[in-house]
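What follows is each chain in one-letter form.
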Amino acid sequence: MQCVRSLPNWLGSPCDAIVLAIPENWRAAPHLTEADQATNGLLSRLLESGEVSTKPWKTTVVQAPAGIATKQLVLVGTGAASDWNPLTAGRAAGAGMKLLASKSREVVRFVGFTGSGEVERAAVTGAMIGCVGQDLFRKEKSLYEPESLEWHDLQEENLRKGFAIGESINLTRKLVNLPPNYMYPESFAEAAQGVAQQYQLSIEIWDKAKLENERCGSLLGVARGSVKEPRLVVLQYRGAEPTVAPIALVGKGVTFDSGGYSIKPTDGMLTMKCDMAGAATVLGIMQAAARLQARCNLVAVVGLVENLISGDAFKLGDVLTARSGKTIEIHNTDAEGRLVLADCLDVAAGYSPSKIVDFATLTGACCVALGNDISGLMTNAPQWQSEIKSAAERCGEYVWPLPMHSFFSEQIAGKVADIKNVGEGRWGGAITAAKFLEEFVQQIPWTHIDIAGPSFLDSPKAWCDAGGSGTLVRTFAELLSSS
Ligand code: BES
Ligand code: MN
Ligand code: ZN
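Described in the following lines is the structure provided in the data block. Being a predicted model, the structure only gives us computed values, none of them experimental. (Residues numbered from 1 in each chain as written. Chains lettered and ligands numbered in written order. Predicted model: local features only at pLDDT ≥ 70, side-chain atom pairs only at ≥ 80, totals over all residues. Heavy atoms only, no water.)

### Thoughts on the packing of aromatic side chains
To describe a pair of aromatic rings, one takes the distance between the centres and the angle between the planes. Going through the model one piece at a time under the given rule, you end up with 9 aromatic pairs. Where F110 meets F113, the ring centres are 5.8 Å apart and the plane angle is 70 degrees; that geometry is what we call edge-to-face. Each member of the pair F110 and F113 is classed as buried. On the numbers, 5.0 Å between centres and 80 degrees between planes, the contact of F359 with F476 is edge-to-face. Taken together, the residues span a long stretch of sequence, with F359 in strand β13 (residues 355-360) and F476 in helix α15 (residues 473-481) at a distance of 117 residues. Each member of the pair, F359 as well as F476, carries the same accessibility label: buried. Among the aromatic residues, those joined into a ring-pair cluster are W84, F110, F113 and W151. It is R91 that lies over the ring of W57; its NZ or CZ is 5.2 Å from the centre. Note that K210 overlies the ring of W206, its terminal NZ or CZ placed 5.0 Å from the centroid. (Phe/Tyr/Trp six-rings, centres within 6.5 Å; stacked < 30°, edge-to-face > 60°. Buried < 20%, exposed > 50% of the residue type's maximum accessible area, 1.4 Å probe, protein only. Helix = DSSP H or I, 4+ residues; strand = E, 2+ residues; numbered from the N terminus. Lys NZ or Arg CZ within 6 Å of the ring centre and 35° of its normal.)

Take a look at the structure:
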């Protein structure tokens, strides 16, 4: 697929479909006045009839409108002018695109998506998300990418950047959507290698022997139950002077989480291929940063394991020794993500980063606290957290902070070992998990993002298929490339 600017004569140059943004105050929108004139008042008649919704991302199809050189027109509501933001623009473009993507098409043109840089880029990424689905292994696809998306009256630079971010989000989504018999530690590492080669990132892949040499006992403890060997991948991007400390991006890459001996019920286990979404998010952000030539240095660390059961798997009561030297009592083998991250955070800290952010599908408790559409933020550095929060707000992605009072740490004190891998009971489970991670970040400013809810959609939305969502790739692509 390609994204290009449309010819100025957007009404007269032929295409398969046009997605027209329809704000509540449609009479004031110049592109709708033009379209109304070209169609001899068809648009205003339709809108005045009340049959066309101007509510955000509601769609109406008009076949073969006389006066416009298109086979069909998709009217997509965008609501009040005050709501013309990246969220609305992205979802509106996505909903129009997804509706059209049920068939394969050559040229789809988008009109009325002009706005701020973030708005225009979000519209482009939204459309790119809308036409890519989770149907990776279906002969008959449920969604087809058009050959070309044309954009009327968008800045060239926003188009180029939006396209790069869109491809990075779709990379993350694809990695999450690949089934766990295709996406396992070694194959994820190969995918990372591919990205590194294509975008000139430096890469180091630690295999099991190297992980043993590095004493990554916490990560290796989780990996023991699987015949698939673990990997740890370090990627580096250099976009600033070598003297500038890097920002570290850390990702949980549990390519399948059965729960181990604390086994999950079938319903909870079914979607656990999504448990590497943190790692996939980090890879998507690295690709986006490289393509946007962000002016910063980045180091990415992702820990890749499969959490299974075998005669040699880790057990309740086992004590693991993390790379940092801390000892960990295992009280629940399903609290494995924090064990993987413990060693990844320690490796990341070794690069003396100015700050760390980690992405993880860490706890069901975070979904209980915030629902499925909001990622939880937890930090030892409120300033770094609020930078992330405002970037997410600018990009139309939902995040919200959870408190990190020191008394939560009492819950993870160990009896046999330094710490244990779960809190006392379920309450505040997202926070006790974060408190566990905090043990491994030394004094470095760090924010943990629990993406257990938003990273994987159980059911489709009008603007995006079910499955991997690529949440927060856009926010960090924007945040890292904006300075
Ligand atoms: N991968 C899960 C968390 C998760 C749940 C992600 C639902 C996405 C959707 C994680 O490893 C886990 O199992 N956490 C446990 C922790 C508990 C045992 C302390 C949980 O949330 O139940
Ligand atoms: Mn688990
Ligand atoms: Zn997990």
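There is more to say, and it comes next.
### Some details on the pattern of salt bridges
A full pass over the atoms with the stated rule returns 25 salt bridges. R291 serves as the salt-bridge partner of E167, at 2.6 Å between the closest nitrogen and oxygen. Pair noted here: E167 is in helix α5 (residues 156-177) and R291 is in helix α10 (residues 277-291), with a separation of 124 residues, a long-range link. Between K208 and E212 there is a salt bridge whose closest N-O contact spans 4.0 Å. Here K208 and its partner E212 are both found in helix α7 (residues 208-213), 4 residues apart, which amounts to about one turn of the helix. (Salt bridge = Lys/Arg side-chain N within 4 Å of Asp/Glu carboxyl O.)

### Let's talk about the coordination of the manganese ion (ligand 2)
Only D257 (OD), D334 (O), D334 (OD) and E336 (OE) from the protein coordinate the manganese ion (ligand 2), and they sit 2.0 to 2.2 Å from it. Angles of 72 to 168 degrees at the metal separate the 6 donor atoms of the manganese ion (ligand 2), which places the site in the irregular class. The sequence motif formed by the donor residues of the manganese ion (ligand 2) is D-x76-D-x1-E. The distance between the manganese ion (ligand 2) and the zinc ion (ligand 3) comes to 3.1 Å, with D257 serving as a donor to both metals. (Donors = N, O, S within 2.8 Å, 3.2 Å for Na, K, Ca; no water. Tetrahedral: all angles 85-135°; square planar, octahedral: opposite > 155°, others 65-115°.)

### A look at the sheet that holds strand β8 (residues 231-238)
Read across the open sheet, the 8 strands follow the order β7-β8-β10-β9-β13-β17-β14-β15; overall the sheet is mixed. At either end of the open sheet lies a strand with only one pairing partner, and these are β7 (202-206) and β15 (399-401). Strand-to-strand twist across the sheet, computed as the mean angle between neighbouring axes with direction ignored, equals 20 degrees. Relative to the sheet, helix α6 (residues 185-198) contacts β7, β8, β9 (247-257) and β10 (297-307), its axis offset from that of β8 by approximately 15 degrees. Contacts from helix α11 (residues 337-349) reach β7, β8, β9, β10, β13 and β17 (446-450), with the element oriented near 150 degrees to β9. (Pairing = 2+ DSSP bridges. Axes fitted to C-alpha atoms, helices over the stretch in contact; angles between N-to-C directions. Contact = heavy atoms within 4.5 Å.)

### A closer look at helix α13 (residues 382-395)
Taking 1.5 Å of rise per residue, 14 residues should cover 20 Å, and α13 covers 20 Å from first to last C-alpha, within 8% of that figure. Residues W384, Q385, I388, K389, A391, A392 and C395 constitute the buried set of α13. Buried residues of α13, viewed axially, fall in a sector of 165 degrees; they line one side. Of the exposed residues in α13, those oriented more than 90 degrees away from the buried face are P382 and Q383. Two residues or fewer past α13, G396 is found with a positive phi of approximately 75 degrees. (Expected span 1.5 Å × (residues − 1). Arc of directions from axis to C-beta.)

### Some words on helix α14 (residues 429-438)
With 9 of its 10 residues buried, α14 lies for the most part within the structure. Among all positions in α14, only G429, A430, I431, T432, A433, A434, K435, F436 and L437 are buried.

### Let's talk about the site of ligand 1
Not every one of the 15 residues close to ligand 1 is listed here, only the nearest: K264, D275, D334, E336 and G364. D275 places a side-chain nitrogen or oxygen 2.8 Å from a nitrogen atom of ligand 1. The side chain of E336 places a nitrogen or oxygen atom 2.8 Å from an oxygen atom of ligand 1. Computed on the free molecule, ligand 1 has an accessible area of 510 Å², of which 75% lies beneath the protein chains in the complex. Here ligand 1 is seated within the largest pocket. (Near = heavy atom within 4 Å. Polar contact = N/O pair within 3.5 Å; in protein donor to acceptor, adjacent residues only side chain to side chain. Areas by Shrake-Rupley, 256 points an atom, 1.4 Å probe, with all protein chains shown as cover. 1 Å grid on protein atoms, 1.4 Å probe; cavity = no way out; pocket = protein on both sides within 12 Å on 5 of 7 lines; lining within 4 Å. Sits in = over half its atoms within 2 Å of the grid points.)

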